[in-house]
Amino acid sequence: MKKLLASMLAVAATALATFAIAPAQAQAQAQAEKPKDKVTLMLNWYLYSEHATFFLGKEKGFYAEEGIDLGIQEGRGSAVTAQAVAAKSATFGYIDVTTMIKAAAKGAPLKSTGVLFQVSPMSVMGFSEKNIATPKDIIGKTVAVTPGDSMSQMWPLFLKVNDIRPDQVKVVSGDGQTKLNAVANGQAELLLGYVMDQAIKLQDATGKPVTPIRFADSGVNQISSGIITHKNLLTENPDLVKRFMRASTKAAEAAEKSPEAAVDAMLKAHPKAGVRDTLIVGMKQSVALYHTQETANQRPFRVAMKNVNDSLDLLVQYGGMDASTRGKPEDYVTLDFLPN
């Protein structure tokens, strides 16, 4: 009798456990079957090192876990991507945030939901054998630029800070590859590029050492690459923005821990994105730009508002922003959608 009672109790306990687990399993299954939000992230340029972060997040399933079906598109300059996001052709953009600020100050319905590069990677660079190592060495030289990209928009600011008149430098225009070719072929002594991207590509293509002159070393240390979106999305679908930034934060943290894994994820998706060893070097230099001293203990994307404020001051003083449209840091950047 005791054995029968024990058996009956065991069956009852199992049944209760099954009923308790069933709702949780059903909920998980329902979540898995729920259609994911299709989201487009438009990058600032052709694929290179810093973009690997998002491919790593996608490969690891961070976006899928947040109910996001992420599509990643190449860009053709920060200004072009900003226009696409403003027109709602892309859900989010990954661009130079100061370029977005200048557009937003003129009425573009854009806002940044997190700044990843908090130290500027922008630089003007050339072969070390040319002995162009300081801003003043640029005078009288030819510089290859890409109209519309973030560096060309900050270039006048860099010149002004260093007391160089625009007419003291000759400028030739072209896309990313054209700029590299111009310096490699001697048509220009210098090009505008990112220290973790074009500097490495130029050195790899020619075998010659390259000397970058960083904008940040001249005091033009503005916030740089970050996420932007249309202002309407912040109020119409704030949950989507939070989920996207939560996944992107996890992706950035994973890239910090393993730049190699990030590069491998991007190459798996786009085998022609670059040379693995070169991309890894660039990715390591990229993650080094994720934090300032003020944000060293913070998660990625959580920029110090003082840094944003300083960037606004530089834009007003040197970058052509009308002081009457300057506004406050919170007008252009919000941290409300970032995970703690």
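Model, not experiment: these values are computed from the prediction. (Residues numbered from 1 in each chain as written. Predicted model: local features only at pLDDT ≥ 70, side-chain atom pairs only at ≥ 80, totals over all residues. Heavy atoms only, no water.)

Student: Sorry if this is basic, but what is going on with the environment of aspartate 163 here?
Tutor: As for its placement among the helices and strands, aspartate 163 is situated in the loop between helix H6 (150–161) and strand E7 (170–173). Once the C-alpha coordinates of aspartate 163 and methionine 100 are considered, the two residues, 63 residues apart in sequence, prove to be 26 Å apart. Each residue touching aspartate 163, except ones within four places of it in the same chain, is listed here: Lys136 and Gln168. (Helix = DSSP H or I, 4+ residues; strand = E, 2+ residues; numbered from the N terminus. Contact = heavy atoms within 4.5 Å.)

Student: I tried to follow the sheet that holds strand E1 (residues 37–42) on my own but got confused; where do I start?
Tutor: Within a sheet, each strand pairs with its neighbour through backbone hydrogen bonds, oriented either parallel or antiparallel. Here 5 strands make up an open sheet; going across it, the order is E2-E1-E3-E10-E4 and the pairing mixed. Edge strands, defined here as strands with exactly one partner in the open sheet, are strand E2 (68–73) and strand E4 (110–115). Ignoring which end each strand starts from, the neighbouring axes of this sheet average 30 degrees apart. With 5 bridges joining them, strand E3 (residues 92–96) and strand E10 (residues 225–230) adopt antiparallel strand pairing. Looking across to E10, one finds that aspartate 96 is bridged to serine 225. Strands E1, E3, E4 and E10 of the sheet are contacted by helix H4 (residues 78–86), whose axis makes an angle of about 155 degrees with E3. (Pairing = 2+ DSSP bridges. Axes fitted to C-alpha atoms, helices over the stretch in contact; angles between N-to-C directions.)

Student: Honestly, helix H11 (residues 259–269) in this entry has me stumped. Any pointers?
Tutor: Structurally, the α-helix is built with 3.6 residues per turn, so residues lying three or four positions apart point the same way. What H11 keeps buried is the set Pro259, Ala262, Val263, Ala265, Met266 and Leu267. For H11, the elements touching its buried residues are helix H2 (52–59), helix H10 (238–257) and helix H12 (276–287). (Buried < 20%, exposed > 50% of the residue type's maximum accessible area, 1.4 Å probe, protein only.)

Student: For this particular structure, what's the right way to read the packing of aromatic side chains?
Tutor: Any aromatic ring pair is given by two values, namely how distant the centres are and how the planes are angled relative to each other. Applying the stated criterion across every chain yields a total of 9 aromatic pairs. For the ring pair tyrosine 48 and tyrosine 194, a centre distance of 6.3 Å and an interplane angle of 75 degrees mean the geometry is edge-to-face. Of the two residues, tyrosine 48 is situated in the loop between E1 and H2 and tyrosine 194 in strand E8 (residues 190–194); the sequence distance between them amounts to 146 residues. For the pair shown, tyrosine 48 and tyrosine 194 are each scored as buried. Lying across the ring of phenylalanine 127, lysine 208 places its NZ or CZ 4.9 Å from the centre. (Phe/Tyr/Trp six-rings, centres within 6.5 Å; stacked < 30°, edge-to-face > 60°. Lys NZ or Arg CZ within 6 Å of the ring centre and 35° of its normal.)

Student: Help me understand the pattern of salt bridges in this model?
Tutor: Pairing between side chains of opposite charge can happen when the charged atoms of each approach one another. Under the definition given, this model contains 14 salt bridges. Here arginine 276 and aspartate 264 are joined by a salt bridge, their closest N and O atoms 2.6 Å apart. Of this pair, arginine 276 sits in helix H12 while aspartate 264 sits in helix H11, and the two are 12 residues apart along the sequence. Given the relative accessible area of 36%, arginine 276 is considered partly exposed. Given a relative accessible area of 32%, aspartate 264 falls into the partly exposed group. Look at the salt bridges and you will find they share partners, linking Asp37, Asp239 and Arg243 into a network. (Salt bridge = Lys/Arg side-chain N within 4 Å of Asp/Glu carboxyl O.)

Student: Just checking my understanding: could you explain the environment of asparagine 162 for this structure?
Tutor: Along the chain, asparagine 162 falls in the loop between H6 and E7. Between the C-alpha atom of asparagine 162 and that of glycine 327, which follows or precedes it by 165 residues, the distance is 26 Å. Residue contacts for asparagine 162: discarding those within four places in its chain leaves Pro135, Lys136 and Ser218.

Student: I would appreciate a short explanation of the confidence of the model for the chain in the present structure.
Tutor: Low pLDDT marks regions whose predicted coordinates should not be analysed in detail. Mean pLDDT over the chain works out to 90, with 90% of the residues at or above the 70 mark. The model gives residues 15–19 a pLDDT under 50, and that stretch makes 0 contacts with residues more than four places away or in other chains. (pLDDT = per-residue confidence, 0-100.)

Student: Any chance you could explain the side chain of lysine 111 here in plain terms?
Tutor: Considering the arrangement of structural elements, one finds lysine 111 in strand E4. Lysine 111 has contacts with Met100, Ile227, Ile228, Thr229, Lys231, Leu234, Glu330, Asp331, Tyr332, Val333 and Thr334, leaving out every residue within four places of it along the chain.

Student: Could you clarify how one ought to interpret the nonpolar core in this entry?
Tutor: Note on soluble globular proteins: their nonpolar side chains tend to be buried together. If you look at the biggest cluster of nonpolar residues, it comprises 92 residues, and the most contacted ones within it are Val124, Ile138, Trp155 and Phe244. It is H10 that provides the largest number of residues to this core, a total of 9 residues. (Core = buried A, V, L, I, M, F, W, Y, C linked by side-chain atoms within 4.5 Å.)

Student: How do you make sense of unusual backbone geometry when you look at a structure like this?
Tutor: Glycine aside, residues mostly have negative phi angles, and peptide bonds mostly take the trans form. In this structure, lysine 88 is a non-glycine residue whose phi angle is positive, near 65 degrees. Inspection of the secondary structure assignment puts lysine 88 in the loop between H4 and E3. Unlike most non-glycine residues, aspartate 163 shows phi in positive territory, near 55 degrees. Of the residues examined, aspartate 163 reaches a relative accessible area of 63% and is grouped as exposed.

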